[in-house]
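# Survey of secondary and tertiary structure
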Amino acid sequence: MIDFLSALYPWTKALHVISVIAWMAGLFYLPRLFVYHAEQVTPGSPTDEMFQTMERRLIRAIMNPAMVATWVFGLALVFTPGIVDWGAVWPWTKAAGVLGMTWFHHWCSRRRKDIVKGLPHRSGHEYRIMNEVPTLLMVLIVVSVIVRF
Ligand code: HEM
């Protein structure tokens, strides 16, 4: 198994980065949809229906599979011998970043379910603030794994 992971290493890393890009695209876009949904749409209107469809498809068809693939290929890289030096700092700051990113994914998923249940929206201002979370975490993660302090 270990030799198999070592042989596949370049492909595992390529598939990891591809999954990351798809996941991040959704994590940047969904809070933006929430901002306009909260500020510009009348509940129960045809536009409300359309936004709910866009949010559901984005999370189910793109973000959920991309998050799972990012974790699967990421953990395959963790178990590839010689890749992660747990004595360094970067694996820990990266781990904190990806746990934060996974929490944010679930925060968005809960907000979507609240909207479907007809519960009141969070404010557009709150969604804009939360939209900065994936950006800051992405900077921490990418600097950790590429600069490697
Ligand atoms: C979800 C759990 C994740 C795990 C377990 C994980 C783990 C890893 C590991 C072990 C590597 C290999 C490092 C090497 O080749 O030396 C790696 C590479 C990489 N990861 Fe992740 N990662 C995760 C999520 C993410 C996220 C969310 C991002 C970006 C926002 C990210 C960005 C990258 C990049 C850019 C590389 C390539 C770095 C290079 O070429 O050296 N990863 N990841």
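One can find the structure itself at the top, above this paragraph.
Residues numbered from 1 in each chain as written. Predicted model: local features only at pLDDT ≥ 70, side-chain atom pairs only at ≥ 80, totals over all residues. Heavy atoms only, no water.

## A short note on the site of the ligand
What surrounds the ligand is a group of 19 residues, the closest being Tyr 9, Lys 13, His 16, Lys 94 and Arg 148. Interatomic distance of 2.4 Å between a side-chain N/O atom of Tyr 9 and an oxygen atom of the ligand. Judged by its atoms lying within 2 Å of the grid points, the ligand is housed in the largest pocket. Within the residue set of the shell around the ligand, elements represented by two or more residues are helix 1 (2-40), helix 2 (46-78), helix 3 (90-116) and helix 5 (132-147). Residue classes in the shell around the ligand are distributed as 13 nonpolar, 3 polar and 3 charged. (Near = heavy atom within 4 Å. Polar contact = N/O pair within 3.5 Å; in protein donor to acceptor, adjacent residues only side chain to side chain. 1 Å grid on protein atoms, 1.4 Å probe; cavity = no way out; pocket = protein on both sides within 12 Å on 5 of 7 lines; lining within 4 Å. Sits in = over half its atoms within 2 Å of the grid points. Helix = DSSP H or I, 4+ residues; strand = E, 2+ residues; numbered from the N terminus. Nonpolar A, V, L, I, M, F, W, Y, C, P; charged D, E, K, R; others polar.)

## Re unusual backbone geometry
Even without being a glycine, Arg 148 presents a positive backbone phi close to 60°. With respect to the helices, strands and loops of the structure, Arg 148 is situated in the segment after helix 5.

## So, the packing of helix 3 against helix 5
Interaxial distance between helix 3 and helix 5 falls to 8 Å at its minimum, and their mutual angle equals 155°. Viewed along their axes, helix 3 and helix 5 adopt a mutual orientation that is roughly antiparallel. Crossing geometry of helix 3 relative to helix 5 is assigned as left-handed. Residues Trp 90, Thr 93, Lys 94, Gly 97, Val 98, Gly 100, Met 101 and Phe 104 of helix 3 pack against Val 133, Pro 134, Leu 137, Met 138, Leu 140, Ile 141, Ser 144 and Val 145 of helix 5. (Axes fitted to C-alpha atoms, helices over the stretch in contact; angles between N-to-C directions. Parallel < 35°, antiparallel > 145°, perpendicular 65-115°, else oblique. Left-handed = near helix turned anticlockwise from the far one by under 90°. Contact = heavy atoms within 4.5 Å.)

## Points about the environment of Arg 128
Assignment of secondary structure puts Arg 128 in helix 4 (residues 124-130). For Arg 128, a relative accessible area of 33% gives the class partly exposed. Sequence-wise, Arg 128 and Val 35 are 93 residues apart; in three dimensions their C-alpha atoms are separated by 6.7 Å. When residues no more than four places from it in sequence are discounted, the contact partners of Arg 128 are Arg 32, Val 35 and Glu 39. Reaching out from Arg 128, the side chain makes a polar contact with the side chain of Glu 39 at a distance of 2.7 Å. (Buried < 20%, exposed > 50% of the residue type's maximum accessible area, 1.4 Å probe, protein only.)

## Regarding the layout of surface pockets
In this structure, the largest pocket encloses a volume near 810 Å³. Counting only elements with at least two residues in the lining of the largest pocket, the list comes to helix 1, helix 2, helix 3 and helix 5. The biggest single contributor to the lining of the largest pocket is helix 1, with 8 residues. (Points joined across faces, edges and corners; volume = space filled by probe spheres on them.)

## Observations concerning the coordination of the iron atom of the ligand
At the metal site, the iron atom of the ligand is ligated by His 16 (NE2) and Lys 94 (NZ), and these contacts range over 1.7 to 2.1 Å. Geometry at the iron atom of the ligand is octahedral, judged from its 6 donor atoms and the angles of 81 to 177° they form at the metal. Taken together, the residues His 16 in helix 1 and Lys 94 in helix 3 connect sequence positions 78 residues apart. Here the two residues His 16 and Lys 94 agree in accessibility, since each one is buried. (Donors = N, O, S within 2.8 Å, 3.2 Å for Na, K, Ca; no water. Tetrahedral: all angles 85-135°; square planar, octahedral: opposite > 155°, others 65-115°.)

## Observations concerning the pattern of salt bridges
One pass over the full model with this rule turns up 3 salt bridges. Among the ionic pairs, Arg 111 bridges to Asp 114, the shortest N-O distance being 3.1 Å. Of the two residues, Arg 111 and Asp 114 both sit in helix 3, 3 residues apart, roughly one turn of that helix. An identical accessibility class is assigned to Arg 111 and Asp 114; each is buried. (Salt bridge = Lys/Arg side-chain N within 4 Å of Asp/Glu carboxyl O.)

By themselves, these observations are geometric and do not establish any function.
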